[in-house]
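Observations on the three-dimensional arrangement
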Amino acid sequence: MKKSAKAAVHNHDHRHCVEDALAAAEKLCATKGLRFTPLRRRVLEFVWSSHKPVGAYALLDKLRSEDLGSAPPTVYRALDFLIENGLIHRIERMNAFVGCSHPGEAHRGFFLICADCGNAEELEAEELGNAITAGAAKRGFAAREMTLEVTGLCADCGNS
């Protein structure tokens, strides 16, 4: 299910990513009895339209062009809903959002962000999370949530 940055750049059809994300969101909302409004749906589609993190104001511009929302609070409410329900992640250092590759599952947000092409890939690294939790516990710190953002070069950009 996870797509590499290389796949995201070459021969990659984002429609499948969007379709998978929407199906997962619909299922999750139905299971939890949540409203998956047209605005929330469209914001999720825009976030998943690329593997590059997208900012709230870029989303707002797209929504305005479709007459779906014209105020920042509208977009932020939709983004908050999607984050709270594990459908997207916020990339703090970029103040931008990226789709979650395993929605509805409890996991930590570890991201590899290409400094050249801007793609962000969610990394599954349970052992890394466990090491951080154990290190924190040795210091008497109870880790609750963690997000790790690593910048560098994806395979394509590193090879070119």
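Since we're looking at a predicted model, the values are computed, not measured. In this numbering scheme, every chain counts its residues from 1 along its sequence in written order. Confidence filtering applies because this is a predicted model: local features only for residues at pLDDT of at least 70, side-chain atom pairs given and counted only at 80 or more, and all residues used for totals across whole chains, interfaces and linings. In computing side-chain values, all of the structure's heavy atoms are included and hydrogens and water are not.

The next point concerns the overall build of the protein. Helical segments are the DSSP runs of H or I of at least four residues, strand segments are the runs of E of at least two, and each set is numbered from the N terminus. For the protein, the count of helices and strands is seven helices and six strands. In the protein, the succession of α and β elements from N to C terminus is α-α-α-β-α-α-β-β-β-β-α-β-α. Burial here depends on accessible area, computed with a 1.4 Å probe over protein chains only, as a share of the maximum for the residue type. Under 20% is buried, over 50% is exposed, and the range in between is partly exposed. Considering the protein as a whole, with its 160 residues, one finds that 40% of them fall into the buried category. The contact criterion used is simple: two residues touch if any of their non-hydrogen atoms lie within 4.5 Å. Expressed as a percentage of contacts within the protein between residues at least 6 apart in sequence, the contacts between residues at least 24 apart total 53%. For every accessible area listed, the method is Shrake-Rupley and the probe measures 1.4 Å; residues are considered covered only by the protein chains on display. By element, 50% of the accessible surface of the protein is carried by carbon and sulfur atoms, the whole surface being about 9200 Å².

It is worth spelling out the side chain of His89 at this point. Relative to the assigned elements, His89 resides in strand E2 (residues 88-91). In protein, a polar contact means a hydrogen-donor-capable atom and an acceptor-capable atom, both N or O and within 3.5 Å, with residues adjacent in sequence counting only if both atoms are side-chain atoms; elsewhere, any N or O pair within 3.5 Å suffices. A polar atom in the side chain of His89 sits 3.1 Å from the side chain of Glu122. When sequence neighbours within four positions are dropped, the list of residues in contact with His89 reads Ala96, Phe97, Val98, Gly99, Cys100, His107, Gly109, Phe111 and Glu122.

As a further point, take the environment of Thr133. For Thr133, the position within the fold is in helix H6 (residues 126-138). Taking C-alpha positions, Thr133 is 9.6 Å from Glu145, a pair spaced 12 residues apart along the chain. Filtering out sequence-adjacent residues up to four positions away, Thr133 remains in contact with Arg108, Ala143 and Met146.

Another aspect to go through is the confidence of the model for the protein. Residues of the protein with pLDDT of at least 70 account for 89%, and the chain-wide mean is 85. pLDDT is a per-residue confidence score from the predictor, ranging from 0 to 100. Low pLDDT, under 50, characterises residues 1-10; the predicted model gives this stretch 24 contacts beyond four residues in sequence or across chains.

On to the environment of Leu39, then. With respect to the element layout, Leu39 can be found in helix H3 (residues 38-48). Separated by 24 residues in sequence, Leu39 and Leu63 place their C-alpha atoms 8.4 Å apart. In this view, Leu39 contacts Leu63, Leu68, Thr74 and Ala78; residues no more than four positions away in its chain are not counted.

Ranked by internal contacts, the top residues of the largest apolar core, which has 27 residues, are Phe36, Val43, Leu44, Leu59, Leu79 and Leu82. Looking at this core, the elements with two or more residues in it are helix H2 (14-32), H3, helix H4 (56-65) and helix H5 (72-84). Here this core gets seven residues from one element, more than from any other, and that element is H2. Once you skip the residues sitting within four places of it in the chain, Leu82 turns out to touch Phe36, Arg40, Val43, Leu44, Leu87 and Ile88. Residues Ile91, Val98, Phe111 and Ile113 belong to the second largest nonpolar core, which totals five residues. Throughout, nonpolar core names a set of buried Ala, Val, Leu, Ile, Met, Phe, Trp, Tyr and Cys residues whose side chains join them through atoms within 4.5 Å.

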